[in-house]
Amino acid sequence: MTRIFSGIKPTGHLTLGNYLGAVRRWVKTDQHRADALFCVVDLHALTEDHDLARVRRLSRQAASLLLAAGLDPTVCTVFVQSHVDEHTRLAYVLECTATDGEMRRMIQYREKEAQERARGRSVRLSLLTYPVLMAADILAYGTDEVPVGDDQAQHVELTRDLAVRFNQRYGHTFTVPRAVHPEVGARVMNLQEPGSKMGKSDDAGPGIVYLLDEPDVIRKKVMRAVTDSGREVEYDRGARPGVANLLDILAGCTGEEPSVLAEGYDSYGALKKDTAEAVVEALRPLRQRHAELCTDLGYVDGVLRAGAERARGLARPTVDAAYRAIGLLPAG
Ligand code: AQP
């Protein structure tokens, strides 16, 4: 059976980008068609200046939101990365497989490093090595497919390179995974800056729709989205990124094609109104279920405990095999 692994970082409140680019597909198809593991990758939230209590709170919130969105722990595995030691065990071995040049070429590293320096902060070494830990997350489980938004394509490519290199040097150990991207919603852009991705750790602002935003807040944010100077509604990502983003979001919520949707509008106002309502409706059941889960944290913790136990059992043989393959003496 195909094995799927994907993760979400508790670096901020989950956004519409996380939902349309990843979570919705995990819920609708991935968990039913494969042996799927979904992980709150909390160690990745420590690569930049972090608030301890916030990371803890956001980790549980991310897990609750995944369940609220419809991940079913009876058909898939939901867990927290730091509860399974195999991730960091394997990361070190992969650091011995990767080169520093490879790490420094990662686009996300370069962008985030520049941001940290601009804020006068030092850059944590883990920001540089984070893609190796991500590779360990994936390779520990013999993953075949990694469903991610296309912002993560480069990291999955690195994971493939490391798996191939390790297998060639030390003998076949890892399955070489491949990234799968959603057809629509692969990159949801910031409503105020349609040239930038809608990211959950960006400074909170009117351009980011959070999954737990109240309906009226969502309406306001979408109605104030930056469009373009033209008047016609056309799907052209290059020339009209703002309008294209709205069409992508509407398409993501309705399942229709953005270019077909464009033909039905002759004003930006009508497009924004329908997009806002489509987002509110798409998120309504998730918000309701999340409110219920907040009153039953014991259930969420139980799901995470069982998930970690299963994940540990799956990862350990692969990580042990990698340790043996690279020349380490097995524990007696
Ligand atoms: N704007 C987006 N459009 C489409 N997909 C997106 N994803 C994130 N933002 C968008 C997808 O969501 C999944 C989980 O992402 P992540 O939490 O691992 O980290 P990220 O990609 O770095 O997301 P953020 O929200 O931008 O976090 P920060 O701001 O902390 O860097 C992934 O599949 C991702 O592709």
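Definitions and limits used
- Residues numbered from 1 in each chain as written.
- Predicted model: local features only at pLDDT ≥ 70, side-chain atom pairs only at ≥ 80, totals over all residues.
- Heavy atoms only, no water.
- Helix = DSSP H or I, 4+ residues; strand = E, 2+ residues; numbered from the N terminus.
- Rg over C-alpha atoms; globule rule 2.2 N^0.38 Å.
- Buried < 20%, exposed > 50% of the residue type's maximum accessible area, 1.4 Å probe, protein only.
- Contact = heavy atoms within 4.5 Å.
- Areas by Shrake-Rupley, 256 points an atom, 1.4 Å probe, with all protein chains shown as cover.
- Lys, Arg positive; Asp, Glu negative; His and termini not counted.
- Charge placed at Lys NZ, Arg CZ, Asp CG, Glu CD.
- Near = heavy atom within 4 Å.
- Polar contact = N/O pair within 3.5 Å; in protein donor to acceptor, adjacent residues only side chain to side chain.
- Nonpolar A, V, L, I, M, F, W, Y, C, P; charged D, E, K, R; others polar.
- Salt bridge = Lys/Arg side-chain N within 4 Å of Asp/Glu carboxyl O.
- Domains from an automatic or database assignment.
- Buried area = accessible area lost by both parts, 1.4 Å probe.
- Expected span 1.5 Å × (residues − 1).
- Pairing = 2+ DSSP bridges.
- Right-handed = clockwise from strand over helix to strand, strands pointing away.

Some words on the overall build of the protein
In terms of helices and strands, the protein carries twelve helices and five strands. Over its C-alpha trace the protein gives a radius of gyration of 20 Å, about what one expects of a compact globule, namely 20 Å for 332 residues. Along the first, second and third principal axes, the C-alpha set of the protein runs to 70 × 45 × 40 Å. A total of 332 residues make up the protein; the buried ones form 52% of that total. Contacts in the protein between residues at least 24 apart in sequence constitute 76% of all its contacts with a sequence separation of at least 6. Total accessible area on the protein is roughly 15200 Å²; 49% of this is exposed by carbon and sulfur atoms. Of the side chains in the protein, 43 bear a positive and 46 a negative charge, and the two mean positions are spaced by 4 Å.

Looking at the site of the ligand
The environment of the ligand is made up of 23 residues, and the closest members are Thr11, Lys112, Asp151, Lys200 and Ser201. At a separation of 2.5 Å, an oxygen atom of the ligand approaches a polar side-chain atom of Lys200. Look at the ligand: alone it shows 640 Å² of surface, and the protein chains cover 97% of it. The set of elements that each furnish at least two residues to the shell around the ligand consists of β1 (3-8), α1 (16-33) and α5 (107-118). Grouping the constituent residues of the shell around the ligand by class yields six nonpolar, eleven polar and six charged.

What about the pattern of salt bridges?
Think of it this way: side chains of opposite charge can pair up when their charged atoms draw near. This structure, assessed with the given rule, holds 27 salt bridges. Measuring nitrogen to oxygen at the nearest pair gives 3.7 Å for the salt bridge that ties Arg119 to Glu116. We classify Glu116 as buried; its relative accessible area is 2%. Within this structure, Arg25, Asp30, Arg33, Glu145 and Arg178 form a network of salt bridges that share partners.

A word on the domain arrangement of the protein
Structurally, the protein comprises domain 1 (3-181 + 297-326) and domain 2 (205-292). Distance between the C-alpha centres of domain 1 and domain 2: 29 Å. The interface is formed by 13 residues belonging to domain 1 together with 14 residues belonging to domain 2. Of the roughly 1200 Å² buried at the junction of domain 1 and domain 2 (both faces included), carbon and sulfur atoms supply 76%. Counting across the domain 1 and domain 2 interface gives zero salt bridges. One can count three residue pairs in polar contact (both at pLDDT 80 or more) joining domain 1 with domain 2. Breaking the side of domain 1 that touches domain 2 down by element, the ones donating at least two residues are α1 and α2 (52-69).

Observations concerning the environment of Ala136
Its place among the elements puts Ala136 in helix α6 (residues 125-139). Linking Ala136 and Leu94, residues 42 residues apart in sequence, is a C-alpha distance of 7.1 Å.

Describing helix α9 (residues 241-254)
The end-to-end C-alpha distance of α9 is 20 Å, a good match for the 20 Å that 14 residues give at a rise of 1.5 Å each. Burial analysis of α9 places eleven of its 14 residues in the buried class, which makes it a mostly covered element. Where α9 is buried, its residues touch α1, α8 (215-223), α10 (258-262) and α11 (268-293). Positive phi shows up at Gly255, right after α9, with a value of about 80 degrees.

Concerning the side chain of Thr143
Relative to the helices and strands, Thr143 is located in the loop between α6 and β4 (145-147). A distance of 2.7 Å separates a polar atom in the side chain of Thr143 from the backbone oxygen of Ile138. The residues touching Thr143, leaving out its near neighbours within four places in the chain, are Arg3, Ile4, Phe5, Ile138, Thr175, Val176 and Pro177.

Describing the pairing of β1
With respect to burial, β1 is a largely interior element, five of its six residues being buried. Pairing analysis gives six bridges linking β1 to strand β2 (residues 35-40), with the strands arranged parallel. Residue pairing across strands places Ser6 opposite Phe38, the latter belonging to β2. The β-α-β motif built from β1, the intervening α1 and the parallel element β2 has right-handed crossover chirality.

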